[in-house]
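Now for the letters of each chain:
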Amino acid sequence: MTDEDLMRQLQQGHPDAVEPLVRRYHKPLTAYFYRLSHDYHLAQDLAQECLFRLVSRAGQYQFPRPVKPWVYQIAVNLWRDHRKSAAYRHGSAALPLDEAAEMPEAGPPPDDDVANRLLAHEALAALQALPPHFAEVLVLRFCQCLTVPEIAAALELPEGTVKSRIYHGLRHLRSRLSREVTCDGQPARC
Amino acid sequence: MLELADVTVRLGGVTVLDSVRGRLGPGVTLLTGPSGAGKTTLLRTLAGLIPPSAGEVRWWGQSITAQLKAYHRRLGYLPQRPATYPEMTVSGFLDYLSALKALPPALAARRRDELLEALGLSARAHSALRELSEGQRRLVGIVQALLGDPEVLLLDEPLESLDGDSRARVLQLCHRPGRVTLLATHRLELVPPGLVAHWSLDAGRLAVES
Amino acid sequence: MGNRPDADRLIRVLGFDPAEALDPGPGTDLAAPVPGPAEHTWAGEPAGSVPVPEDGDELAALAEALQAAARAQDAAWPDPDPAETRRLVAALTALVPAPESPFAAELERTWVRQPGWLARTLAAVQPQVRLLERPFWLASAALVAAGMPLLSPDVAASLGLDLTYGAFLLLVAPILATLGVAHAFRGISTGMAEVELTCALTPAQLVLGRLFWVAAYDTLLLGGASLLSAALEPSVMLGWLVLGWLLPILVLSVTVLSLSLYVPPWVGGSAALALWLLILTRLTLARDLPIAAVTDPVVLLPLSAFCAGGLILAAGLIARTWPRLTTRLAGLDTWGRRF
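Definitions and limits used
- Residues numbered from 1 in each chain as written.
- Chains lettered and ligands numbered in written order.
- Predicted model: local features only at pLDDT ≥ 70, side-chain atom pairs only at ≥ 80, totals over all residues.
- Helix = DSSP H or I, 4+ residues; strand = E, 2+ residues; numbered from the N terminus.
- Buried ≥ 20, exposed ≤ 12 C-beta atoms within 10 Å, placed from the backbone.
- Contact = placed C-beta atoms within 7 Å.
- Domains from an automatic or database assignment.
- Nonpolar A, V, L, I, M, F, W, Y, C, P; charged D, E, K, R; others polar.
- Pairing = 2+ DSSP bridges.
- Axes fitted to C-alpha atoms, helices over the stretch in contact; angles between N-to-C directions.
- Parallel < 35°, antiparallel > 145°, perpendicular 65-115°, else oblique.
- Left-handed = near helix turned anticlockwise from the far one by under 90°.
- Core = buried A, V, L, I, M, F, W, Y, C linked by C-beta atoms within 7 Å.
- Expected span 1.5 Å × (residues − 1).
- pLDDT = per-residue confidence, 0-100.

Section: the overall build of chain C
Reasoning step 1: Regarding its fold elements, chain C presents 16 helices and zero strands.
Reasoning step 2: Considering chain C as a whole, with its 339 residues, one finds that 38% of them fall into the buried category.
Reasoning step 3: Within chain C, counting contacts between residues at least 6 apart in sequence, those at least 24 apart form 74% of the total.

Take a look at the structure:
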């Protein structure tokens, strides 16, 4: 059953649709919030809150509106609200790159190239330190694997703006990292 | 969310709709314009009856031609001239269309009765359609459009030949959370103010008024 | 670095042409100006071309590295604790809203069940029998029954008719088919087809459903009458008789339908019937053969050739309107007006 069918079921009051939606989105949402916050417990809390909002708003769902961008729209708004909150202001200003680099790391990418592994590690860590409007599109595009139209729907922006933010966000990330890049790595696939 | 993406319709060499662009969100949108402006063609294009010569109609981002059956399941449509099979009774006609709309019979019968009640037609449920007045036939047409509790409702001149009370009831029934309704009329005076949006069409070009 | 930039690589990893990002058109809003080393600015390439930036390869590698790191992170990420998931599901289940409309809820339950194609087709075909009202059933049966007195040779002789009941059926079959199809598709000229084509069935299901009921009823009537004729009229060969009326039912049904895409069904039906009778009389009476000779191969073979030609013409008429078939079935002509 597609996400859209599940949401439709939920909208009609069928609780059986809850578990498949949780299994599909709980882990990716936790990963999304972790990539922005580098705080595992916060990421879990926000992911659960995102799912709470999704289910409680099921009555507003209009089939066959694509669900994935809607889920991430809720997630993006949650993150923005959190950033404005007192907890964020007191607890976590943008981490310096070296501290972010020390966060629990899942492991090296499959490539044996040491330079690329270090780059991948630092690039992921550096996302958190980017201006928010760049960080959110880069995470959605390259980590959560949303397409440009899906990101545009999630952020309620024109596709042209999304493309510009992705491109310029990458350049911003590159200049922040400020290091030579090898050009021989195999492209990864989302 | 219904979207017109640069829709152009050419019929018989004449450009009836010219690069029409717009989005219809939940709520009632009024479509006005002089006769011959293209209102009926626009509604038929939105209903999937006339394919655009250029551009496309999208429902939640996907072209309706790619999902026509699913779209039609959630569509309610009233043509400009209320069409019926005159020899059928009111309830027989609505049962026939309920079956074509793939509505479960018992559920559809209940829904039919509720709508006939809401529009004051319960007493005529077993009358032949040929015995009804033009206004009553138009109300039956509106009932058939609402039978499936549609998410997209396209009504072409629904308020013609109706008295004030019936017009108010029709407009009340059109409102439903989440439903996209486009109501075409050339008689603005029949429509109470305060609708969500107002489009006006002139010589195939669209202006979003509000 | 010194490597030639790979435009395709950057486009592939971004999912779009970077030129679109540099000149995305009016209304685009960037939240912040772009920082970056001066040597990596654009040389003023026109929008729409594929001007690969000098740092394009680096950007592509960076994006690929991000993707790779994210995939590795996802793979290594621990799965949620099953007990925790169960608690979460239970908490979320309590939030599932009550349906706004019990009608809509029941409707969605029905539609989600998704029966097989046969059940769906039957579900689309079955309701269309309601379209064929009592006058159709009775008139068709009456027409077939009208010739039954011919079963008695004495009655036929007293009427001065050199006509068997079997031959009568051959004359009546095209009339039945034409009237039936024109009746079934009358909605094309009344505007009902516009409403029907916005229901949950395809144009093919609409057409085939109606043709099925008309053809099935005509076949039932004529089949029964043929058996009666073969039993009581020794000269009748049942196989040829059935072919003799089955062919016009098939050909005329399709022809009337194809003409109904251009003119009102009654006009198309009358034209098709007139043409059929003209051909039939040319092949029989004009050659000093009785109408009953239509079951004779000397008549049936050229008639079959005309039928094949008719089917090809009908197919051509349908194919000609194919891109606008739905519009035509709705009864709208080239100018979008009702015909």
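Now, onward.
Digging into the overall build of chain A
Reasoning step 1: Within chain A one finds 10 helices and zero strands.
Reasoning step 2: Reading the helices (α) and strands (β) of chain A from amino to carboxyl end gives α-α-α-α-α-α-α-α-α-α.
Reasoning step 3: Looking at chain A as a whole, 48% of its 190 residues qualify as buried.
Reasoning step 4: The contacts of chain A with a sequence gap of at least 6 include a subset with a gap of at least 24, amounting to 66%.

So, the domain arrangement of chain A
You'll often see interface size given as the accessible area lost when the parts meet.
All names here are of chain A.
Reasoning step 1: Split by domain assignment, chain A resolves into domain 1 (1-93) and domain 2 (94-184).
Reasoning step 2: Taken together, the contacts link 14 residues of domain 1 with 19 residues of domain 2.
Reasoning step 3: Mapped onto the side of domain 1 that touches domain 2, the elements with two or more residues apiece are helix H2 (18-37) and helix H4 (67-84).
Reasoning step 4: With six residues, H4 is the largest single contributor of residues to the side of domain 1 that touches domain 2.
Reasoning step 5: Tallied by class, residues from the side of domain 1 that touches domain 2 come to eight nonpolar, three polar and three charged.

Some remarks on the sheet that holds strand E5 (residues 62-63) of chain B
Residue and element names in this part refer to chain B.
Reasoning step 1: Taken in spatial order, the four strands line up as E2-E1-E4-E5 in an open sheet, and their pairing is antiparallel. The open sheet has two edge strands, strand E2 (14-24) and E5, and neither has a second partner.
Reasoning step 2: Sheet topology note: the strand E4 (residues 54-59)/E5 ladder contains two bridges and is antiparallel. Residue pairing for E5: Arg58 is matched across the bridge by Ser63.
Reasoning step 3: Packed onto the sheet, helix H1 (residues 39-46) meets strand E1 (2-11), E2 and E4 and runs at close to 60 degrees relative to E2.

Remarks on the packing of helix H9 (residues 165-184) of chain C against helix H12 (residues 203-232) of chain C
All names here are of chain C.
Reasoning step 1: Following both chains from N to C, one finds H9 and H12 inclined at 165 degrees, their axes separated by 10 Å at the closest point. On the basis of their axis angle, the class for H9 and H12 is roughly antiparallel. Taken as a pair, H9 and H12 cross one another with a handedness that is right-handed. Within the contact between the two elements, H9 uses Tyr165, Gly166, Leu169, Ala173, Leu176, Ala177, Gly180, Val181 and Ala184 and H12 uses Arg210, Leu211, Val214, Asp218, Leu222, Ala225, Ser226 and Ser229.
Reasoning step 2: When the residues that make up the contact of H9 with H12 are grouped by side-chain class, the tally is 11 nonpolar, four polar and two charged.

Some details on the nonpolar core
Reasoning step 1: Core analysis: the biggest nonpolar cluster contains 120 residues, and B:Val143, B:Leu154, C:Leu169, C:Ala173 and C:Val181 have the highest contact counts within it.
Reasoning step 2: Per element, the largest residue contribution to this core is 13 residues, and it comes from H9(C).
Reasoning step 3: In this structure, C:Ala173 is in contact with C:Leu222, C:Trp245, C:Pro248 and C:Ile249, ignoring residues within four places of it in sequence.
Reasoning step 4: Counting residues in hydrophobic clusters, the runner-up holds 73 residues, among them A:Val18, A:Val22, A:Ala58 and A:Ala154.

Some words on the interface of chain B and chain A
Reasoning step 1: Counting from both sides, the interface comprises five residues of chain B and, opposite them, five residues of chain A.
Reasoning step 2: Taken together, the residues that form the side of chain B that touches chain A break down as two nonpolar, two polar and one charged.

Details of helix H5 (residues 134-146) of chain B
Reasoning step 1: Taking 1.5 Å per residue as the helical rise, H5(B) with its 13 residues ought to reach 18 Å, and the 19 Å between its terminal C-alpha atoms agrees with that figure.
Reasoning step 2: Of all 13 residues in H5(B), 11 are buried; the element is thus mostly enclosed.
Reasoning step 3: Taken residue by residue, H5(B) has B:Gln136, B:Arg137, B:Arg138, B:Leu139, B:Val140, B:Gly141, B:Ile142, B:Val143, B:Gln144, B:Ala145 and B:Leu146 as its buried positions.
Reasoning step 4: Tucked into the core, H5(B) has its buried residues touching strand E6 (75-78), helix H3 (90-100), helix H4 (105-118), strand E7 (152-156) and helix H6 (164-174) of chain B together with helix H11 (192-196) of chain C.

What to know about the sheet that holds strand E10 (residues 205-208) of chain B
All names here are of chain B.
Reasoning step 1: Pairing in this open sheet of six strands is mixed, and the strands run E6-E7-E8-E3-E9-E10 from one edge to the other. Of all the strands in the sheet, just E6 and E10 have a single pairing partner and so form its edges. Taken over all neighbouring pairs, the strand axes of this sheet differ in orientation by 15 degrees on average, direction set aside.
Reasoning step 2: Where strand E9 (residues 197-202) and E10 come together, four bridges link them in antiparallel fashion. Bridge assignment links Trp199 to a residue of E10, and that residue is Val208.

Quick word on the pairing of strand E3 (residues 27-32) of chain B
All names here are of chain B.
Reasoning step 1: Sheet analysis places E3 next to strand E8 (residues 180-184), joined by five bridges and oriented parallel. The partner of Leu31 across the bridge, within E8, is Ala184.
Reasoning step 2: One ladder, built from four bridges, connects E3 with E9; its direction is parallel. Its bridge partner lying in E9, Leu31 is registered against Trp199.

What about the pairing of E7(B)?
Residue and element names in this part refer to chain B.
Reasoning step 1: Summarising burial for E7: five of the five residues are buried, a large majority.
Reasoning step 2: Both E6 and E7 contribute to a ladder of four bridges, which runs parallel. Its bridge partner being in E7, Tyr77 is matched across the sheet by Leu154.
Reasoning step 3: As defined by bridge partners, E7 adjoins E8 across five bridges and the pair is classed as parallel. Following the sheet pairing, Leu153 is matched in E8 by Thr181.

Here's the deal with the confidence of the model for chain A
Reasoning step 1: Summary statistics for chain A give a mean pLDDT of 79 and a share of 75% for residues scoring 70 or more.
Reasoning step 2: Contacts for the low-pLDDT stretch residues 180-190 of chain A, under 50 throughout, to residues beyond four places or in other chains number 28 contacts.

Topic: helix H3 (residues 56-76) of chain C
Reasoning step 1: Across its 21 residues, H3(C) extends 30 Å between first and last C-alpha, which sits within 8% of the 30 Å expected from 1.5 Å per residue.
Reasoning step 2: By the criterion of burial, H3(C) is predominantly enclosed, with 17 of the 21 residues buried.

As for the environment of C:Gly56
Reasoning step 1: Relative to the assigned elements, C:Gly56 resides in helix H3.
Reasoning step 2: Counting along the chain gives 38 residues from C:Gly56 to C:Pro18, while the straight-line C-alpha distance between them is 9.1 Å.

Notes on unusual backbone geometry
Reasoning step 1: Despite not being glycine, A:His38 shows a phi value in the positive range, around 55 degrees.
Reasoning step 2: Secondary-structure assignment places A:His38 in the loop between H2 and helix H3 (40-56).
Reasoning step 3: In this structure A:His38 comes out as buried when scored by C-beta crowding, with 22 C-beta atoms within 10 Å.
Reasoning step 4: Not every positive phi belongs to a glycine, and B:Asp6 is a case in point at roughly 50 degrees.
Reasoning step 5: The topology assignment puts B:Asp6 in strand E1.

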